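Residues per chain, in single letters:
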Amino acid sequence: MEHLDDQERQEVWSNVKHALDYDHIDQFRAEFLELHPYDQAKIFSDLEVDVRMQIYTYLSPEEIADVMEHIDYEEIEPFFTEMDPRFAAQVFADMSTDDAVDILNELEKEKVASFLTMMENEAAQEIKDLLHYEEKTAGSIMTTEFVVVNATMTIREAMVHLRREAPDAETIYYTYVIDEDKKLAGVISLRDLIVSEEEWLISDVMNERVVSVSVGEDQEEVARMVRDYDFLALPVVDFQNHLLGIITVDDIMDVMDEEANEDYSKLAAVSNVDSPDENAFDSAKKRLPWLVILLFLGSLTASLIGRFESTLSVYPILAVFIPLIAGMAGNTGTQALAVAVRGIATGEIDKQGKAKMMVREAGTGLITGVSCGVIITLIVYFWQGNLFLGMLVGLSILLTLIVATLAGSLVPLIMHRFNIDPAVASGPFITTINDIISILIYFGMATAFMNLLI
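Residues numbered from 1 in each chain as written. Predicted model: local features only at pLDDT ≥ 70, side-chain atom pairs only at ≥ 80, totals over all residues. Heavy atoms only, no water.

Draft legend 1. Structural context of the sheet that holds strand β2 (residues 174-178). Strand order in this open sheet of 3 strands is β1-β2-β3, and the pairing throughout is mixed. Only two strands of the sheet have a single partner each, and these edge strands are β1 (148-150) and β3 (184-189). Pairs of neighbouring strands in the sheet enclose a mean axial angle of 35 degrees, with direction left out of account. Sheet topology places β1 next to β2; 3 bridges connect them, and they run parallel. Each residue of the ladder has a partner; that of valine 148, found in β2, is tyrosine 176. (Pairing = 2+ DSSP bridges. Helix = DSSP H or I, 4+ residues; strand = E, 2+ residues; numbered from the N terminus. Axes fitted to C-alpha atoms, helices over the stretch in contact; angles between N-to-C directions.)

Draft legend 2. Here's a closer look at the packing of helix α3 (residues 37-45) against helix α5 (residues 61-68). Packing of α3 against α5 brings their axes to within 8 Å, and their N-to-C directions diverge by 85 degrees. One element, α3, and the other, α5, form an angle in the roughly perpendicular class. Within the contact between the two elements, α3 uses Pro37, Gln40, Ala41 and Phe44 and α5 uses Asp66, Val67 and Met68. Of the residues assigned to the contact of α3 with α5, the class counts are 5 nonpolar, 1 polar and 1 charged. (Parallel < 35°, antiparallel > 145°, perpendicular 65-115°, else oblique. Contact = heavy atoms within 4.5 Å. Nonpolar A, V, L, I, M, F, W, Y, C, P; charged D, E, K, R; others polar.)

Draft legend 3. Representation of the side chain of aspartate 238. Along the chain, aspartate 238 turns up in the loop between β5 (233-237) and β6 (243-248). Buried and without a salt bridge, aspartate 238 has lysine 183 as its closest oppositely charged side chain, separated by 7.8 Å. Side-chain polar atoms of aspartate 238 contact the backbone nitrogen of glutamine 240, separated by 2.9 Å. (Buried < 20%, exposed > 50% of the residue type's maximum accessible area, 1.4 Å probe, protein only. Lys, Arg positive; Asp, Glu negative; His and termini not counted. Salt bridge = Lys/Arg side-chain N within 4 Å of Asp/Glu carboxyl O. Polar contact = N/O pair within 3.5 Å; in protein donor to acceptor, adjacent residues only side chain to side chain.)

Draft legend 4. Region of interest: the side chain of serine 409. Within the secondary structure, serine 409 is located in helix α22 (residues 387-417). A distance of 3.1 Å separates a polar side-chain atom of serine 409 from the backbone oxygen of threonine 405. Discounting residues that sit within four places of it in the chain, serine 409 has contacts with Ala336, Ala340, Met357, Met358 and Glu361.

Draft legend 5. Quick peek at unusual backbone geometry. Unlike most non-glycine residues, lysine 136 shows phi in positive territory, near 65 degrees. Structurally, lysine 136 can be placed in the loop between α10 (121-131) and α11 (138-141). On the basis of relative accessibility, which here comes to 30%, the residue lysine 136 falls in the partly exposed class. In the Ramachandran plot, lysine 182 falls in the positive-phi region, its phi being about 65 degrees despite a non-glycine side chain. If you trace the backbone, lysine 182 turns up in the loop between β2 and β3.

Draft legend 6. Up close: helix α21 (residues 354-384). For α21, built from 31 residues, the straight-helix expectation of 45 Å at 1.5 Å per residue is met to within 8% by its first-to-last C-alpha distance of 43 Å. Along α21, the residues that are buried comprise Met357, Met358, Glu361, Gly365, Gly369, Gly373, Ile376, Thr377 and Val380. Once α21 finishes, glycine 385 follows within two positions and takes phi at roughly 70 degrees, a positive value. (Expected span 1.5 Å × (residues − 1).)

Draft legend 7. Quick look at the environment of methionine 391. Position of methionine 391 relative to the elements: it lies in helix α22. Here the alpha-carbon distance between methionine 391 and tyrosine 381, two residues 10 residues apart in the chain, equals 8.3 Å.

Structure, rendered in structure tokens:
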């Protein structure tokens, strides 16, 4: 199946729509089911309710489940609400357990309980087992649909078992091995199963050095492990090393996307990224708390400038350079902040050491400060014909960039030290703090050396 662009998807939809309009069920199924589930989901999401209701009668719950697994969880609730409740319950039962749990977590508890009641006991129990895990942990994103073999099996017995269980498994590239106590004992790849002699024991072929993750581990740490080890799947165990489930790479990609959106929201000083279908009131409600905090900090900046009113009255040209110095401080601090937050998120800072990172950032601030300071000194001198004014602005830029760079790096490190998400040290917050610092440096130096300016 090839990925369709918007034009190709529109052409396919024309054929599908024709089949729906004339109740040609066989033609519709042939056209629609030929598509990749991602393209099915893209088409399905754009349909009117009455057309979707028609499609529910043409497709089985299992076929609808494939479509639902490719729709964003935040947008999926209306589809399950409009379905017949028993049909919806069967769709959940036919989905991958981890995907079903992710969607059910977006629904009201009363609806979840109702759907679980209408499912078959086995499917409902598998979903219940995952629903009780705390959100954003390994347990909440793992799937229980995987294949295990016993260490005492032969390769022949394991292959027979694998053929029987594979259709319902999320992945079969790794087969996990358990001992008689159902504890994780090893892992064997599909390649090793195929190339090994049939009479060999699994225990002789398996790799006993298995990298696993605790069921309560944070999903961001799990994503980092999958990235570092290049795994397609990662086993999840409890405190006694019992194998509970696996996390596959597609789930990790969803986690990385979710974490990136969350961090971006915090860097932008909003509670989370605005959804395109939100109204103005909801969007404003998310942004307003941060903006009020920044408003008070901005008022502090204004009051600082007011305290240097006597300096400005003596030499008004100083006011011209306030936006320049404050802007440079904000930009530099935000750059340092981005580097620090990324380093914390990827674990790079732990590897290289916080002290080394701070020294590097101080050096960066010094080099950029000297460069920008010299340039602005020359510009101001040729513009105003006052060397001391140029040196004042240049030296202020130098000191401001050094301090702003260190502040942008240090604030997220302090927050991380106290187990606070460093992304909340957002760009607007750092920018405002650096505005205050830059004003103090600039006007403090101007007041101290006023006799050289006039």
